[in-house]
Amino acid sequence: MMKPRTYPSLYSGYAVLLTIVLIMTGANGFAQLNIDTCQARAKANYPLIKQYDLITKSLDYTISNANKAYLPQVSVNAIGAYIISGFPSVAIPGQEPAAEEKFQFIGIGQLNQTIWDGGATHAQKEIAKASTEVDKANIDVAFHNIRERVNQLYFGIL
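Asks: With reference to specific residues and values, describe helix α3 (residues 49–67).
Replies: Its 19 residues place the ends of α3 29 Å apart at the C-alpha level, agreeing with the 27 Å of an ideal helix rising 1.5 Å per residue. By the burial criterion, the buried members of α3 are I55, L59, I63 and A66. Seen from one end, α3 has its buried residues packed into an arc of 65°, which puts them on one side. Summarising the geometry of α3, the exposed residues directed more than 90 degrees from the buried face are K50, L54, K57 and Y61. Of the surrounding elements, those touching the buried residues of α3 are α4 (120–157).

Asks: Provide a residue-level description of α4, including the pertinent values.
Replies: Here α4 spans 56 Å end to end across 38 residues, near enough to the 56 Å set by a 1.5 Å rise per residue. Among the residues of α4, those classed as buried are T121, A128, T132, I139, A142, F143, I146 and V150.

Asks: Give me the packing of aromatic side chains: which residues, what numbers.
Replies: The geometry of two aromatic rings is summed up by the distance between their centres and the angle between their planes. Scanning all chains against the criterion turns up three aromatic pairs. On the numbers, 5.9 Å between centres and 65° between planes, the contact of Y46 with F143 is edge-to-face. Here Y46, found in the loop between α2 (35–45) and α3, pairs with F143, found in helix α4; they are 97 residues apart in sequence, far enough to count as distant. Y46 sits in the partly exposed class, given a relative accessible area of 25%. Residue classification places F143 among the buried positions, given a relative accessible area of 9%. Aromatic rings pair up to connect Y46, Y52 and F143 into one cluster. Of note, K43 hangs over the ring of F143, and the distance from its end group to the ring centre comes to 5.3 Å.

What counts, and at which threshold
Residues numbered from 1 in each chain as written. Predicted model: local features only at pLDDT ≥ 70, side-chain atom pairs only at ≥ 80, totals over all residues. Heavy atoms only, no water. Helix = DSSP H or I, 4+ residues; strand = E, 2+ residues; numbered from the N terminus. Expected span 1.5 Å × (residues − 1). Buried < 20%, exposed > 50% of the residue type's maximum accessible area, 1.4 Å probe, protein only. Arc of directions from axis to C-beta. Contact = heavy atoms within 4.5 Å. Phe/Tyr/Trp six-rings, centres within 6.5 Å; stacked < 30°, edge-to-face > 60°. Lys NZ or Arg CZ within 6 Å of the ring centre and 35° of its normal.

This is the structure:
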């Protein structure tokens with residue numbers, strides 16, 4: 001007696017073909033991820049990238065405050081007191097002394113204008129700029145370390 005002939009299932013052939021196509025498509029997609037792309041993505045997603053913006057804003061704020069040193073500075077002081085025993089009265093000749101009041105008030109207004117500060121404001125601006133450059137250099141060093149780690153991982157995978 002003859003055994004019936006069995007053919008491979010049509011679905012298993014499609015499954016193998018589909019698997020091969022997916023593997024080749026997936027491998028092609030991963031091959032497009034080069035080292036420059038990896039480094040750019042690592043830099044874009046690193047939390048320190050946000051500090052660049054903050055450092056620039058801080059520099060602008062510091063320089064703005066230093067520039068305000070040349071603006072006039074106004075101050076007003078007031079002193080009020082209740083007098084228990086009166087002050088001696090002083091009268092201008094030919095006039096009657098004013099009536100004594102128990103509450104005395106003194107007010108002082110002062111206006112200061114910096115004309116020359118000996119270069120202190122310019123020095124503050126230069127210090128702020130140098131400090132900003134140092135902070136940015138520190139972040140660049142951190143990015144260099146991230147770049148080295150990405151290189152190690154990338155070439156380790158290859």
